[in-house]
Amino acid sequence: MTQQQYRITLLPGDGIGPEIMAVAVDVLKAVGQQENLTFEFEEALIGGAAIDATGEPLPTETLETCRQSDAVLLAAIGGWKWDSLPSHQRPERGLLGLRAGLGLFANLRPAKILPQLIDASTLKREVVEGVDIMVVRELTGGIYFGQPKGIFATETGEKRGVNTMAYTESEIDRIGRVAFETARKRGGKLCSVDKANVLEVSQLWRDRIIQLASEYQDVELSHLYVDNAAMQLVRAPKQFDTIVTGNLFGDILSDAAAMLTGSIGMLPSASLGASGPGVFEPVHGSAPDIAGLDKANPIAQVLSAAMMLRYGLNQATAADKIEQAVLQVLDNGYRTGDIMSDGMTFVGCRAMGDALLQALENPQN
Ligand code: NAD
């Protein structure tokens with residue numbers, strides 16, 4: 001096996017960020033040894049930590065370091081300390097700047113029910129058992145960015161709020177391609193969600209996705225209107241494999257799909273551009289209420305590292321090994337506070353990390 005070398009930028013950020021990042025780095029080193037992958041890690045500042053050190057939530061050096069790497073692993077940003085700063089100086093600006101700076105237009109949010117945590121879901125066991133969905137959301141277009149936007153005075157003096165939902169053919173095609181490729185790496189089914197019965201922008205969306213399908217004949221394509229998709233997600237979520245949709249519908253549906261699993265400390269995500277490094281990060285925030293207490297669940301961060309291997313570096317075997325190790329520690333009964341239930345072994349962040357390293361070393365198939 002030839003040795004592969006990757007430059008990874010680490011952005012631990014704030015709150016529990018550094019604790020969960022430390023676990024993910026140990027896990028990456030361990031799986032790297034097994035798979036002959038060498039990671040050159042470079043840590044950079046973002047969010048509140050960057051504001052404290054430099055006055056900026058995304059220092060220029062951080063963006064430059066990210067651009068020069070093969071992938072970016074981010075933990076979380078934000079916290080009470082910076083909540084009173086004006087909006088352009090707040091930690092969240094660092095995230096938006098990073099997405100824009102790297103041209104990340106595709107957001108991948110998996111929602112997979114793990115058999116060991118099925119009771120954490122608010123839905124019935126028979127409805128959620130076996131759910132494994134990937135929502136591919138367009139991230140840099142649609143109604144959040146379309147022009148005109150703003151609050152304007154009308155001729156009568158009454159105010160009118162305006163946003164514009166717009167997509168060009170090329171914007172639809174590039175997210176469509178990411179979605180078809182993703183479906184191909186998964187169950188081979190893609191459901192495109194739109195509102196083509198009402199919105200012209202959605203009619204164009206649907207037309208382009210149908211056009212693209214001829215290039216991906218191995219992927220089974222279907223279409224749903226967004227209202228029906230929302231209903232189907234809670235009625236019969238197992239029918240979905242990969243979902244592709246625009247920015248607004250994706251914002252809502254990805255959160256609804258994620259909550260089928262019931263546990264925020266378990267959910268990873270990926271944001272990808274046309275070329276260059278992707279950003280891989282947990283869905284949850286910096287959890288300032290438990291920061292520094294060794295209480296955080298590092299699994300979402302570790303699964304983000306697995307997504308980085310699978311979707312950012314094309315190292316599916318290494319990703320499989322990490323995901324398998326997560327299942328094994330859960331099988332062995334280890335639980336952090338957020339996913340604790342009766343009869344399980346309560347562990348902190350570091351001990352969960354040790355259990356993951358053990359599972360990687362001694363896989364029980
Ligand atoms: P949060 O996700 O940080 O926390 C919500 C609740 O979930 C808290 O009780 C927290 O303790 C718990 N939790 C979250 N992750 C956990 C984990 N890994 N293990 C155990 N418990 C966990 O959301 P919030 O409290 O609304 O926001 C806190 C800060 O995080 C804010 O400053 C917010 O702006 C920021 N935030 C950042 C991101 C990001 O970096 N992408 C996302 C959401 C929120």
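Look up: the structure comes first, before these words.
Treat the numbers as computed from the prediction; the structure is a model and nothing was measured.

A few words on the overall build of the protein. Each helix and strand in the protein was counted, giving 12 helices and 14 strands. Its C-alpha atoms give the protein a radius of gyration of 21 Å, near enough to 21 Å, the size a compact globule of 365 residues would have. Over its C-alpha atoms, taken along the principal directions, the protein stretches across nearly 65 × 50 × 45 Å. Within the protein, the proportion of its 365 residues that are buried is 52%. Here the analysis covers contacts within the protein between residues at least 6 apart in sequence; of these, 75% occur between residues at least 24 apart. As displayed, the protein has an accessible area near 16,700 Å², and 50% of this comes from carbon and sulfur atoms. Averaged over its 31 positive side-chain charges, the protein has a centre that lies 3 Å from the centre of its 45 negative ones.

What follows is about the sheet that holds strand β12 (residues 279-282). The 10 strands lie next to each other as β2-β1-β3-β12-β11-β4-β5-β10-β8-β9, forming an open sheet whose pairing is mixed. Looking at which strands have only one partner, the edges of the open sheet turn out to be β2 (37-43) and β9 (220-225). Strand-to-strand, the axes of this sheet are offset by a mean angle of 25 degrees, without reference to chain direction. Pairing of strand β1 (residues 4-13) with β2 involves seven bridges; the strand directions are parallel. Of the residues in β2, the one forming a bridge with Thr9 is Glu42. Across the face of the sheet, helix α3 (residues 60-67) comes into contact with β1, β2 and β3 (71-76) while running at roughly 150 degrees to β1. The sheet strands contacting helix α10 (residues 299-312) are β1, β2, β3, β4 (106-112), β5 (132-138), β11 (268-272) and β12, and the helix crosses β12 at an angle near 155 degrees.

As a further point, take empty space enclosed by the protein. Inspection of every chain in the model, using the stated rule, returns one cavity of 30 Å³ or more. The computed volume of the largest cavity comes to approximately 60 Å³. In terms of lining, the largest cavity is formed by Met165, Tyr167, Val193, Asp194, Val201, Ser202, Trp205, Gly246 and Phe249. Taken together, the elements giving at least two residues each to the lining of the largest cavity come down to β8 (189-194) and α7 (200-213). If one sorts the elements of the lining of the largest cavity by residue count, α7 sits on top with three residues. When its residues are assigned to classes, the lining of the largest cavity shows six nonpolar, two polar and one charged.

Quick look at the site of the ligand now. In the vicinity of the ligand lie 21 residues, with Glu92, Gly285, Ala287, Asp289 and Asn297 positioned nearest. Gly79 places a main-chain nitrogen or oxygen 3.1 Å from an oxygen atom of the ligand. Separating an oxygen atom of the ligand from a backbone N or O atom of Gly285 is a distance of 2.7 Å. For the ligand, the protein covers 68% of the area, taking 810 Å² as the surface of the free molecule. Residue classes in the shell around the ligand are distributed as 10 nonpolar, seven polar and four charged.

It is worth spelling out unusual backbone geometry at this point. Following Gln147, the chain continues to Pro148 via a peptide bond in cis, the omega torsion being 0 degrees. Mapped onto the elements, Pro148 comes out in strand β6 (residues 146-153). Backbone geometry places Asp294, a non-glycine residue, at a positive phi of 60 degrees. Looking at the secondary structure, you find Asp294 in the loop between β12 and α10. Of note, the phi angle at Asn314 is positive, near 60 degrees, even though the residue is not glycine. The residue Asn314 is located in the loop between α10 and α11 (316-331) in this model. Taking relative accessible area as the criterion, Asn314 reaches 61% and is therefore assigned exposed.

Thresholds, definitions, all that
- Residues numbered from 1 in each chain as written.
- Predicted model: local features only at pLDDT ≥ 70, side-chain atom pairs only at ≥ 80, totals over all residues.
- Heavy atoms only, no water.
- Helix = DSSP H or I, 4+ residues; strand = E, 2+ residues; numbered from the N terminus.
- Rg over C-alpha atoms; globule rule 2.2 N^0.38 Å.
- Buried < 20%, exposed > 50% of the residue type's maximum accessible area, 1.4 Å probe, protein only.
- Contact = heavy atoms within 4.5 Å.
- Areas by Shrake-Rupley, 256 points an atom, 1.4 Å probe, with all protein chains shown as cover.
- Lys, Arg positive; Asp, Glu negative; His and termini not counted.
- Charge placed at Lys NZ, Arg CZ, Asp CG, Glu CD.
- Pairing = 2+ DSSP bridges.
- Axes fitted to C-alpha atoms, helices over the stretch in contact; angles between N-to-C directions.
- 1 Å grid on protein atoms, 1.4 Å probe; cavity = no way out; pocket = protein on both sides within 12 Å on 5 of 7 lines; lining within 4 Å.
- Points joined across faces, edges and corners; volume = space filled by probe spheres on them.
- Nonpolar A, V, L, I, M, F, W, Y, C, P; charged D, E, K, R; others polar.
- Near = heavy atom within 4 Å.
- Polar contact = N/O pair within 3.5 Å; in protein donor to acceptor, adjacent residues only side chain to side chain.

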